[in-house]
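These are the residues of each chain, in order.
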Amino acid sequence: MIRFESVGKRYPDGTVAVDDLTFEVAEGEMVTLVGPSGCGKTTTMKMVNRLIEPTSGRILVDGEDIARVDPVELRRRIGYVIQQVGLFPHRSVLDNTATVPHLLGVKKAQARKRAAELLDLVGLDPSVFGDRYPDQLSGGQRQRVGVARALAADPPVLLMDEPFGAVDPVVREHLQNEFLKLQAQVRKTVLFVTHDIEEAVRLGDRMAVYGEGRIEQLDPPAKVLGAPATPYVADFVGADRGLKRLSVTPIEPGDLVQPPVVRRNDAVSDAAHRMRADAARWAVVLDDDGSLHGWIDADDVSASGDGTVRDHARRMKAWLPLGASLKQAFSTMLQYDAGWVAVLDGDGSRFAGVLTPARLHEALRRSVDADERDVPREDVDLHSITGA
Ligand SMILES: Nc1ncnc2c1ncn2[C@@H]1O[C@H](COP(=O)(O)OP(=O)(O)OP(=O)(O)O)[C@@H](O)[C@H]1O
(Lines give C-alpha, C1' and ligand atoms only; values in the text may rest on other atoms or scores of the structure.)
Protein backbone atom coordinates (compact mmCIF):
# COMPACT_ATOMS: atom_id res chain seq x y z
CA MET A 1 0.00 0.00 0.00
CA ILE A 2 1.24 3.48 -0.87
CA ARG A 3 -0.22 6.51 0.88
CA PHE A 4 0.41 10.17 0.05
CA GLU A 5 -0.49 12.60 2.82
CA SER A 6 -0.55 16.27 1.77
CA VAL A 7 2.62 15.74 -0.25
CA GLY A 8 4.19 18.71 -1.99
CA LYS A 9 7.37 19.29 -3.96
CA ARG A 10 8.68 22.78 -4.54
CA TYR A 11 12.03 23.03 -6.34
CA PRO A 12 14.58 25.61 -5.17
CA ASP A 13 13.76 27.84 -8.18
CA GLY A 14 10.17 28.09 -6.92
CA THR A 15 8.60 25.60 -9.35
CA VAL A 16 5.79 23.76 -7.61
CA ALA A 17 5.93 20.32 -9.28
CA VAL A 18 3.39 18.70 -6.94
CA ASP A 19 0.97 20.49 -4.69
CA ASP A 20 -0.72 18.99 -1.62
CA LEU A 21 -1.27 15.50 -2.95
CA THR A 22 -3.36 13.11 -0.87
CA PHE A 23 -4.30 9.69 -2.20
CA GLU A 24 -3.76 5.99 -1.67
CA VAL A 25 -2.88 3.01 -3.84
CA ALA A 26 -4.37 -0.09 -2.24
CA GLU A 27 -2.45 -3.35 -1.93
CA GLY A 28 -2.55 -5.18 -5.26
CA GLU A 29 -4.02 -2.18 -7.06
CA MET A 30 -2.63 -0.57 -10.22
CA VAL A 31 -3.10 3.18 -10.43
CA THR A 32 -2.09 4.93 -13.65
CA LEU A 33 -0.95 8.56 -13.54
CA VAL A 34 -1.74 10.41 -16.73
CA GLY A 35 -1.54 14.05 -17.73
CA PRO A 36 0.24 16.51 -19.98
CA SER A 37 4.00 16.94 -19.96
CA GLY A 38 5.36 18.66 -16.87
CA CYS A 39 2.30 18.16 -14.68
CA GLY A 40 4.21 16.32 -11.95
CA LYS A 41 3.68 12.61 -12.67
CA THR A 42 7.34 11.61 -12.57
CA THR A 43 7.99 13.74 -9.52
CA THR A 44 5.11 11.96 -7.76
CA MET A 45 6.61 8.59 -8.61
CA LYS A 46 10.21 9.39 -7.76
CA MET A 47 9.23 10.58 -4.31
CA VAL A 48 8.08 7.03 -3.51
CA ASN A 49 11.58 5.56 -3.86
CA ARG A 50 13.23 8.74 -2.60
CA LEU A 51 14.94 9.67 -5.83
CA ILE A 52 13.24 13.00 -5.08
CA GLU A 53 12.48 14.21 -1.53
CA PRO A 54 9.15 15.94 -0.90
CA THR A 55 9.25 19.43 0.60
CA SER A 56 6.02 18.90 2.56
CA GLY A 57 3.77 16.07 3.71
CA ARG A 58 4.72 12.42 4.00
CA ILE A 59 4.54 9.16 2.09
CA LEU A 60 3.83 5.81 3.68
CA VAL A 61 4.67 2.45 2.11
CA ASP A 62 2.96 -0.43 3.85
CA GLY A 63 2.19 1.87 6.76
CA GLU A 64 5.77 3.02 7.25
CA ASP A 65 6.88 6.64 6.78
CA ILE A 66 9.53 6.30 4.08
CA ALA A 67 11.43 9.36 5.32
CA ARG A 68 12.59 7.09 8.14
CA VAL A 69 13.73 4.25 5.89
CA ASP A 70 17.23 4.12 4.44
CA PRO A 71 16.83 4.89 0.69
CA VAL A 72 18.91 1.90 -0.40
CA GLU A 73 16.93 -0.45 1.78
CA LEU A 74 13.69 1.19 0.59
CA ARG A 75 14.56 0.67 -3.08
CA ARG A 76 15.06 -3.04 -2.48
CA ARG A 77 11.39 -3.22 -1.57
CA ILE A 78 10.30 -1.25 -4.60
CA GLY A 79 10.68 -2.45 -8.19
CA TYR A 80 11.40 0.32 -10.69
CA VAL A 81 10.89 0.08 -14.44
CA ILE A 82 11.72 2.99 -16.71
CA GLN A 83 11.59 3.62 -20.43
CA GLN A 84 15.35 3.41 -20.96
CA VAL A 85 15.49 -0.02 -19.43
CA GLY A 86 19.09 0.40 -18.30
CA LEU A 87 20.19 -3.23 -18.65
CA PHE A 88 23.88 -3.99 -18.08
CA PRO A 89 25.22 -4.32 -21.64
CA HIS A 90 27.94 -6.85 -20.79
CA ARG A 91 25.74 -9.19 -18.79
CA SER A 92 23.50 -11.84 -20.28
CA VAL A 93 19.75 -11.49 -20.04
CA LEU A 94 19.66 -14.15 -17.34
CA ASP A 95 22.37 -12.44 -15.28
CA ASN A 96 20.73 -9.04 -15.73
CA THR A 97 17.51 -10.48 -14.32
CA ALA A 98 19.30 -12.25 -11.46
CA THR A 99 21.34 -9.21 -10.40
CA VAL A 100 19.16 -7.83 -7.61
CA PRO A 101 18.38 -11.12 -5.84
CA HIS A 102 22.09 -11.95 -6.04
CA LEU A 103 22.92 -8.57 -4.46
CA LEU A 104 20.37 -9.32 -1.77
CA GLY A 105 22.37 -12.41 -0.86
CA VAL A 106 20.46 -15.11 -2.71
CA LYS A 107 22.88 -17.82 -3.87
CA LYS A 108 23.86 -17.43 -7.53
CA ALA A 109 22.35 -20.73 -8.72
CA GLN A 110 19.08 -20.00 -6.96
CA ALA A 111 18.95 -16.42 -8.24
CA ARG A 112 19.48 -17.67 -11.80
CA LYS A 113 16.77 -20.29 -11.38
CA ARG A 114 14.32 -17.63 -10.23
CA ALA A 115 15.44 -15.33 -13.06
CA ALA A 116 14.66 -18.09 -15.59
CA GLU A 117 11.17 -18.48 -14.11
CA LEU A 118 10.58 -14.76 -14.37
CA LEU A 119 11.75 -14.56 -17.96
CA ASP A 120 9.29 -17.32 -18.72
CA LEU A 121 6.57 -15.35 -16.91
CA VAL A 122 7.15 -12.26 -19.07
CA GLY A 123 7.04 -14.38 -22.22
CA LEU A 124 10.75 -14.84 -22.95
CA ASP A 125 11.89 -18.46 -23.22
CA PRO A 126 15.01 -18.54 -21.00
CA SER A 127 16.59 -21.29 -23.11
CA VAL A 128 16.38 -18.99 -26.16
CA PHE A 129 16.97 -15.55 -24.63
CA GLY A 130 18.77 -16.25 -21.34
CA ASP A 131 22.28 -16.26 -22.83
CA ARG A 132 21.77 -13.32 -25.16
CA TYR A 133 23.07 -9.83 -24.46
CA PRO A 134 20.80 -6.76 -24.37
CA ASP A 135 21.89 -5.53 -27.83
CA GLN A 136 20.69 -8.84 -29.27
CA LEU A 137 17.10 -8.11 -28.26
CA SER A 138 14.30 -6.06 -29.82
CA GLY A 139 13.00 -3.01 -27.97
CA GLY A 140 9.92 -4.92 -26.79
CA GLN A 141 12.04 -7.83 -25.55
CA ARG A 142 14.28 -5.44 -23.61
CA GLN A 143 11.19 -3.96 -21.93
CA ARG A 144 10.15 -7.45 -20.91
CA VAL A 145 13.58 -8.08 -19.36
CA GLY A 146 13.15 -4.74 -17.53
CA VAL A 147 9.86 -5.97 -16.05
CA ALA A 148 11.32 -9.39 -15.15
CA ARG A 149 14.27 -7.71 -13.45
CA ALA A 150 12.01 -5.40 -11.45
CA LEU A 151 10.02 -8.41 -10.26
CA ALA A 152 13.10 -10.50 -9.42
CA ALA A 153 13.41 -9.35 -5.83
CA ASP A 154 9.65 -9.93 -5.43
CA PRO A 155 9.00 -6.38 -4.22
CA PRO A 156 5.47 -5.64 -3.02
CA VAL A 157 5.49 -2.28 -4.80
CA LEU A 158 6.30 -1.52 -8.44
CA LEU A 159 6.92 1.92 -9.93
CA MET A 160 6.70 2.07 -13.70
CA ASP A 161 7.57 5.25 -15.60
CA GLU A 162 6.48 5.04 -19.25
CA PRO A 163 7.88 1.50 -19.39
CA PHE A 164 6.38 0.76 -22.81
CA GLY A 165 6.92 4.25 -24.22
CA ALA A 166 9.79 3.37 -26.53
CA VAL A 167 8.09 0.64 -28.57
CA ASP A 168 5.72 0.88 -31.53
CA PRO A 169 1.95 0.86 -30.91
CA VAL A 170 1.40 -2.79 -31.89
CA VAL A 171 4.15 -4.13 -29.64
CA ARG A 172 3.02 -1.74 -26.94
CA GLU A 173 -0.51 -3.13 -26.92
CA HIS A 174 0.90 -6.65 -26.81
CA LEU A 175 3.14 -5.76 -23.85
CA GLN A 176 0.22 -4.11 -22.07
CA ASN A 177 -1.90 -7.23 -22.45
CA GLU A 178 0.93 -9.44 -21.25
CA PHE A 179 1.52 -7.15 -18.31
CA LEU A 180 -2.16 -7.27 -17.35
CA LYS A 181 -2.03 -11.08 -17.33
CA LEU A 182 1.14 -10.98 -15.26
CA GLN A 183 -0.33 -8.50 -12.79
CA ALA A 184 -3.39 -10.75 -12.37
CA GLN A 185 -0.94 -13.38 -11.10
CA VAL A 186 1.52 -11.34 -9.05
CA ARG A 187 -0.88 -8.64 -7.73
CA LYS A 188 1.72 -5.98 -7.00
CA THR A 189 0.85 -2.50 -5.80
CA VAL A 190 1.64 -0.48 -8.91
CA LEU A 191 2.03 3.20 -9.74
CA PHE A 192 2.25 3.52 -13.52
CA VAL A 193 3.13 6.82 -15.23
CA THR A 194 2.10 7.39 -18.82
CA HIS A 195 1.07 10.27 -21.05
CA ASP A 196 -0.96 7.90 -23.24
CA ILE A 197 -4.64 8.02 -22.23
CA GLU A 198 -5.43 4.71 -23.93
CA GLU A 199 -2.68 3.05 -21.90
CA ALA A 200 -3.91 4.63 -18.67
CA VAL A 201 -7.43 3.44 -19.44
CA ARG A 202 -6.43 -0.07 -20.41
CA LEU A 203 -4.10 -0.77 -17.48
CA GLY A 204 -5.42 1.14 -14.50
CA ASP A 205 -7.75 -0.25 -11.87
CA ARG A 206 -8.04 3.49 -11.27
CA MET A 207 -6.50 6.34 -13.20
CA ALA A 208 -5.35 9.68 -11.81
CA VAL A 209 -5.73 12.54 -14.26
CA TYR A 210 -3.24 15.26 -13.45
CA GLY A 211 -3.71 18.96 -13.92
CA GLU A 212 -0.79 21.17 -13.01
CA GLY A 213 0.78 19.61 -9.92
CA ARG A 214 -2.43 18.06 -8.66
CA ILE A 215 -4.89 15.28 -9.36
CA GLU A 216 -8.10 16.47 -10.99
CA GLN A 217 -9.80 13.08 -10.84
CA LEU A 218 -8.90 9.66 -9.44
CA ASP A 219 -11.44 7.04 -10.46
CA PRO A 220 -11.84 3.78 -12.39
CA PRO A 221 -11.22 4.49 -16.11
CA ALA A 222 -14.84 3.87 -17.10
CA LYS A 223 -15.93 6.52 -14.63
CA VAL A 224 -13.32 9.05 -15.75
CA LEU A 225 -14.48 8.57 -19.35
CA GLY A 226 -18.18 8.46 -18.57
CA ALA A 227 -18.38 11.11 -15.87
CA PRO A 228 -15.37 13.44 -16.05
CA ALA A 229 -15.19 15.38 -12.79
CA THR A 230 -14.21 18.72 -14.32
CA PRO A 231 -14.24 20.40 -17.75
CA TYR A 232 -10.43 20.03 -17.72
CA VAL A 233 -10.70 16.23 -17.40
CA ALA A 234 -13.40 16.07 -20.11
CA ASP A 235 -11.15 18.06 -22.40
CA PHE A 236 -8.09 15.99 -21.56
CA VAL A 237 -9.70 12.58 -22.17
CA GLY A 238 -11.03 13.86 -25.48
CA ALA A 239 -14.21 14.22 -27.46
CA ASP A 240 -14.06 10.52 -28.39
CA ARG A 241 -14.26 9.43 -24.77
CA GLY A 242 -17.47 7.53 -25.55
CA LEU A 243 -15.51 5.42 -28.00
CA LYS A 244 -12.65 4.91 -25.54
CA ARG A 245 -15.19 3.83 -22.97
CA LEU A 246 -16.21 0.88 -25.12
CA SER A 247 -12.90 -0.77 -24.27
CA VAL A 248 -13.47 -0.65 -20.51
CA THR A 249 -17.17 -1.52 -20.40
CA PRO A 250 -17.76 -5.26 -20.06
CA ILE A 251 -20.62 -7.26 -21.54
CA GLU A 252 -23.01 -8.13 -18.70
CA PRO A 253 -25.81 -10.74 -18.69
CA GLY A 254 -28.46 -8.00 -18.67
CA ASP A 255 -27.20 -6.69 -22.02
CA LEU A 256 -28.04 -9.87 -23.89
CA VAL A 257 -31.11 -10.83 -25.86
CA GLN A 258 -32.41 -14.38 -26.04
CA PRO A 259 -33.04 -15.57 -29.59
CA PRO A 260 -34.82 -18.90 -30.23
CA VAL A 261 -32.45 -21.78 -29.42
CA VAL A 262 -32.62 -25.16 -31.16
CA ARG A 263 -30.53 -28.34 -30.98
CA ARG A 264 -28.72 -29.97 -33.83
CA ASN A 265 -30.91 -33.05 -33.61
CA ASP A 266 -34.21 -31.15 -33.57
CA ALA A 267 -36.49 -31.62 -36.56
CA VAL A 268 -36.20 -28.82 -39.09
CA SER A 269 -39.97 -28.33 -39.04
CA ASP A 270 -39.89 -27.74 -35.26
CA ALA A 271 -37.10 -25.21 -35.64
CA ALA A 272 -39.03 -23.40 -38.37
CA HIS A 273 -42.09 -23.22 -36.12
CA ARG A 274 -40.07 -21.85 -33.24
CA MET A 275 -38.55 -19.10 -35.35
CA ARG A 276 -41.90 -18.17 -36.81
CA ALA A 277 -43.52 -18.05 -33.37
CA ASP A 278 -40.79 -15.62 -32.22
CA ALA A 279 -40.85 -13.70 -35.51
CA ALA A 280 -37.11 -14.44 -35.62
CA ARG A 281 -35.03 -14.58 -38.76
CA TRP A 282 -32.57 -17.01 -37.24
CA ALA A 283 -32.01 -19.26 -34.26
CA VAL A 284 -28.94 -20.28 -32.31
CA VAL A 285 -27.99 -23.95 -32.68
CA LEU A 286 -26.53 -25.87 -29.74
CA ASP A 287 -24.76 -29.23 -29.78
CA ASP A 288 -26.35 -32.10 -27.94
CA ASP A 289 -24.17 -31.37 -24.92
CA GLY A 290 -25.50 -27.80 -24.84
CA SER A 291 -22.36 -26.13 -26.21
CA LEU A 292 -22.61 -23.54 -28.94
CA HIS A 293 -22.53 -24.97 -32.46
CA GLY A 294 -23.79 -22.27 -34.79
CA TRP A 295 -26.95 -20.76 -36.15
CA ILE A 296 -29.69 -21.48 -38.62
CA ASP A 297 -31.32 -19.02 -41.02
CA ALA A 298 -35.13 -18.99 -41.20
CA ASP A 299 -34.94 -18.58 -44.99
CA ASP A 300 -33.08 -21.89 -45.31
CA VAL A 301 -35.80 -24.03 -43.72
CA SER A 302 -39.54 -24.42 -44.07
CA ALA A 303 -42.19 -25.70 -41.68
CA SER A 304 -42.86 -28.61 -44.04
CA GLY A 305 -39.17 -29.46 -44.46
CA ASP A 306 -37.67 -32.88 -43.67
CA GLY A 307 -34.54 -33.73 -41.79
CA THR A 308 -32.84 -32.23 -38.78
CA VAL A 309 -31.33 -28.89 -37.92
CA ARG A 310 -27.81 -30.29 -38.44
CA ASP A 311 -28.39 -30.41 -42.22
CA HIS A 312 -28.89 -26.66 -42.36
CA ALA A 313 -26.90 -25.30 -39.43
CA ARG A 314 -24.06 -22.89 -40.12
CA ARG A 315 -20.99 -23.03 -37.97
CA MET A 316 -20.43 -20.10 -35.60
CA LYS A 317 -17.16 -18.35 -36.52
CA ALA A 318 -16.86 -16.04 -33.55
CA TRP A 319 -18.18 -15.58 -30.06
CA LEU A 320 -17.15 -13.80 -26.89
CA PRO A 321 -17.20 -14.58 -23.18
CA LEU A 322 -19.29 -12.53 -20.77
CA GLY A 323 -17.03 -9.80 -19.41
CA ALA A 324 -15.36 -9.18 -22.76
CA SER A 325 -15.42 -5.49 -23.66
CA LEU A 326 -18.10 -3.80 -25.72
CA LYS A 327 -15.25 -2.75 -28.01
CA GLN A 328 -14.39 -6.40 -28.70
CA ALA A 329 -18.07 -7.08 -29.41
CA PHE A 330 -18.29 -4.15 -31.81
CA SER A 331 -15.07 -5.13 -33.52
CA THR A 332 -16.26 -8.77 -33.88
CA MET A 333 -19.51 -7.62 -35.45
CA LEU A 334 -17.59 -5.48 -37.93
CA GLN A 335 -15.05 -8.19 -38.69
CA TYR A 336 -17.72 -10.78 -39.52
CA ASP A 337 -20.19 -8.27 -40.93
CA ALA A 338 -22.70 -9.68 -38.44
CA GLY A 339 -25.74 -8.09 -36.86
CA TRP A 340 -25.12 -9.87 -33.57
CA VAL A 341 -22.48 -11.77 -31.65
CA ALA A 342 -23.00 -14.86 -29.47
CA VAL A 343 -21.88 -14.59 -25.84
CA LEU A 344 -20.84 -17.51 -23.63
CA ASP A 345 -20.79 -17.57 -19.86
CA GLY A 346 -17.69 -17.31 -17.66
CA ASP A 347 -16.11 -20.73 -18.17
CA GLY A 348 -16.96 -20.52 -21.85
CA SER A 349 -19.15 -23.60 -22.02
CA ARG A 350 -22.73 -22.33 -21.85
CA PHE A 351 -24.54 -20.12 -24.33
CA ALA A 352 -25.67 -16.98 -22.48
CA GLY A 353 -27.40 -14.95 -25.21
CA VAL A 354 -26.50 -12.61 -28.04
CA LEU A 355 -25.46 -8.98 -28.14
CA THR A 356 -26.92 -6.79 -30.88
CA PRO A 357 -25.80 -3.30 -31.93
CA ALA A 358 -28.91 -1.79 -30.31
CA ARG A 359 -28.18 -3.57 -27.02
CA LEU A 360 -24.54 -2.53 -27.21
CA HIS A 361 -25.61 1.09 -27.48
CA GLU A 362 -28.01 0.66 -24.56
CA ALA A 363 -25.28 -0.96 -22.46
CA LEU A 364 -23.02 2.00 -23.06
CA ARG A 365 -25.71 4.53 -22.15
CA ARG A 366 -26.71 2.60 -19.05
CA SER A 367 -23.12 2.31 -17.88
CA VAL A 368 -22.53 6.05 -18.30
CA ASP A 369 -25.66 6.80 -16.28
CA ALA A 370 -24.67 4.19 -13.66
CA ASP A 371 -21.30 5.88 -13.16
CA GLU A 372 -22.83 9.32 -12.92
CA ARG A 373 -25.22 8.12 -10.22
CA ASP A 374 -22.82 5.61 -8.63
CA VAL A 375 -25.17 2.63 -8.95
CA PRO A 376 -24.69 -0.77 -10.61
CA ARG A 377 -25.50 -0.86 -14.31
CA GLU A 378 -28.33 -3.35 -13.91
CA ASP A 379 -30.13 -0.81 -11.70
CA VAL A 380 -30.38 1.71 -14.52
CA ASP A 381 -33.68 1.76 -16.35
CA LEU A 382 -32.94 3.10 -19.81
CA HIS A 383 -36.27 4.89 -20.02
CA SER A 384 -35.40 6.95 -16.97
CA ILE A 385 -32.28 8.39 -18.60
CA THR A 386 -32.91 11.97 -19.61
CA GLY A 387 -33.45 12.21 -23.32
CA ALA A 388 -33.89 8.45 -23.77
N1 LIG B 1 15.14 19.89 -10.67
C2 LIG B 1 14.12 20.65 -11.03
N3 LIG B 1 14.13 21.99 -10.81
C4 LIG B 1 13.09 22.77 -11.14
N5 LIG B 1 11.96 22.31 -11.69
C6 LIG B 1 11.89 21.00 -11.94
C7 LIG B 1 12.93 20.09 -11.63
N8 LIG B 1 12.57 18.85 -12.00
C9 LIG B 1 11.34 18.96 -12.52
N10 LIG B 1 10.91 20.25 -12.49
C11 LIG B 1 9.60 20.77 -12.93
O12 LIG B 1 8.57 20.14 -12.19
C13 LIG B 1 7.43 19.97 -13.01
C14 LIG B 1 6.97 18.50 -12.98
O15 LIG B 1 7.93 17.68 -13.62
P16 LIG B 1 7.70 16.12 -13.82
O17 LIG B 1 8.96 15.54 -14.38
O18 LIG B 1 7.19 15.53 -12.57
O19 LIG B 1 6.56 16.12 -14.91
P20 LIG B 1 5.88 14.91 -15.72
O21 LIG B 1 4.43 15.07 -15.52
O22 LIG B 1 6.49 13.64 -15.33
O23 LIG B 1 6.26 15.31 -17.21
P24 LIG B 1 6.65 14.40 -18.48
O25 LIG B 1 5.41 13.70 -18.91
O26 LIG B 1 7.11 15.43 -19.48
O27 LIG B 1 7.75 13.48 -18.04
C28 LIG B 1 7.80 20.48 -14.39
O29 LIG B 1 7.33 21.79 -14.55
C30 LIG B 1 9.32 20.46 -14.37
O31 LIG B 1 9.85 21.43 -15.23
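Residues numbered from 1 in each chain as written. Predicted model: local features only at pLDDT ≥ 70, side-chain atom pairs only at ≥ 80, totals over all residues.

The chain goes by Betaine/proline/choline family ABC transporter ATP-binding protein in an unreviewed UniProt entry, where it is assigned to Streptomyces hazeniae. Listed under Sequence similarities (unreviewed entry) in UniProt, the entry text for the chain is "Belongs to the ABC transporter superfamily." (UniProt positions renumbered as here; feature names shortened; annotations may be inferred.)

> Break down the overall build of the chain for me, citing the residues and quoting the values.
When you go through the chain residue by residue, the secondary structure sums to 14 helices and 17 strands. The dimensions of the chain, computed from C-alpha atoms along their principal axes, are 85 × 55 × 35 Å. Expressed as a percentage of the 388 residues in the chain, the buried residues total 39%. (Helix = DSSP H or I, 4+ residues; strand = E, 2+ residues; numbered from the N terminus. Buried ≥ 20, exposed ≤ 12 C-beta atoms within 10 Å, placed from the backbone.)

> Can you explain the packing of helix α6 (residues 139-152) against helix α7 (residues 169-186)? Please cite residues and give values.
One can describe the packing of α6 onto α7 by two numbers: an axis separation of 11 Å at closest approach and a directional angle of 20°. By the angle between their directions, the pair α6 and α7 is classed as roughly parallel. α7 is crossed by α6, and the crossing has right-handed handedness. Within the contact between the two elements, α6 uses Gly-140, Gln-143, Val-147 and Leu-151 and α7 uses Val-171, Leu-175, Phe-179 and Val-186. Class assignment of the residues belonging to the contact of α6 with α7 gives a composition of 6 nonpolar, 2 polar and no charged. (Axes fitted to C-alpha atoms, helices over the stretch in contact; angles between N-to-C directions. Parallel < 35°, antiparallel > 145°, perpendicular 65-115°, else oblique. Left-handed = near helix turned anticlockwise from the far one by under 90°. Contact = placed C-beta atoms within 7 Å. Nonpolar A, V, L, I, M, F, W, Y, C, P; charged D, E, K, R; others polar.)

> Now, about the domain arrangement of the chain: what can you tell me, with residues and values included?
Think of interface size as the accessible area that goes away when the parts come together; that is how it is often given. If you check the domain split of the chain, you get domain 1 (2-239) and domain 2 (253-362). Here the C-alpha centre of domain 2 lies 43 Å away from the C-alpha centre of domain 1. (Domains from an automatic or database assignment.)

> Please give an account of the site of the ligand that cites residues and values.
Close to the ligand lie 13 residues, the nearest being Tyr-11, Ala-17, Ser-37, Thr-42 and Thr-43. Residues belonging to the shell around the ligand are distributed by class as follows: 3 nonpolar, 8 polar and 2 charged. (Near = placed C-beta within 6 Å.)

> Can you break down the pairing of strand β4 (residues 56-61) residue by residue, with the values?
Pairing of strand β1 (residues 2-10) with β4 involves 5 bridges; the strand directions are antiparallel. If you follow Glu-5 over to β4, its bridge partner there is Arg-58. With 2 bridges joining them, β4 and strand β5 (residues 64-65) adopt antiparallel strand pairing. The partner of Val-61 across the bridge, within β5, is Glu-64. Connecting β4 to the antiparallel partner β5 that follows it, the hairpin turn spans 2 residues, and Asp-62 within it adopts a positive phi of roughly 50°. (Pairing = 2+ DSSP bridges.)

> Mind laying out the sheet that holds β5, listing which residues take part and the relevant values?
Read from one edge to the other, the open sheet built from 4 strands follows the order β2-β1-β4-β5, with strand pairing classed as antiparallel. Sheet topology places β2 (16-25) and β5 at the edges, where each strand pairs with a single neighbour.

> How would you summarise the pairing of strand β7 (residues 157-161) if you had to cite specific residues and measurements?
Burial analysis of β7 places 4 of its 5 residues in the buried class, which makes it a mostly covered element. Relative to β7, strand β6 (residues 78-82) runs parallel, the two being bridged by 5 bridges. Pairing of Gly-79 across the sheet is with Leu-158, part of β7. Across 5 bridges, the pairing between β7 and strand β8 (residues 189-194) is parallel. Note on β8: the bridge partner recorded for Asp-161 is Val-193. The parallel pair β7 and β8 is bridged by α7, and the resulting crossover is right-handed. (Right-handed = clockwise from strand over helix to strand, strands pointing away.)

> An account of the sheet that holds strand β9 (residues 206-210) is requested, with residue identities and associated values reported.
Strands sit in the order β6-β7-β8-β3-β9-β10 across an open sheet of 6 strands; the sheet is mixed. Two strands bound the open sheet, and with one partner strand each, they are β6 and β10 (215-219). Averaged over neighbouring strand pairs, the angle between their axes works out to 15° when direction is ignored. On the sheet, α6 packs against β6 and β7 and is oriented at approximately 165° with respect to β6.

> Residues and numbers for α6, please.
Compared with the 20 Å implied by 1.5 Å per residue over 14 residues, the 20 Å span of α6 between its first and last C-alpha is a close match. Within α6, 12 of the 14 residues are buried, which leaves it mostly tucked inside the rest of the structure. Among the residues of α6, those classed as buried are Gln-141, Arg-142, Gln-143, Arg-144, Val-145, Gly-146, Val-147, Ala-148, Arg-149, Ala-150, Leu-151 and Ala-152. Each element contacted by the buried residues of α6 is listed here: β6, α3 (93-103), α4 (108-121), α5 (126-129), β7 and α7. (Expected span 1.5 Å × (residues − 1).)

> So, the packing of α3 against α6: which residues are in play, and what are the values?
At a closest axis distance of 7 Å, the pairing of α3 and α6 adopts a crossing angle of 25°. Judged on the interaxial angle alone, α6 and α3 are roughly parallel. Of the two elements, α3 crosses α6, and the hand of that crossing is right-handed. Judged by residue contacts, Val-93, Asn-96, Thr-97, Ala-98, Thr-99, Val-100 and Pro-101 of α3 engage Val-145, Ala-148, Arg-149 and Ala-152 from α6. Among the residues forming the contact of α3 with α6, the class breakdown is 7 nonpolar, 3 polar and 1 charged.

> Give me the nonpolar core: which residues, what numbers.
Membership of the largest hydrophobic core comes to 68 residues, with the highest contact counts inside it found for Val-48, Leu-119, Leu-191 and Val-209. Residue contributions to this core peak at 6 residues, all from α6. If near-sequence neighbours (up to four positions away) are discounted, Leu-119 is found in contact with Val-93, Thr-97, Leu-124, Pro-126, Phe-129, Gly-130 and Ala-148. Of all hydrophobic cores here, the second largest spans 31 residues; its members include Ala-271, Val-284, Val-309 and Phe-351. (Core = buried A, V, L, I, M, F, W, Y, C linked by C-beta atoms within 7 Å.)

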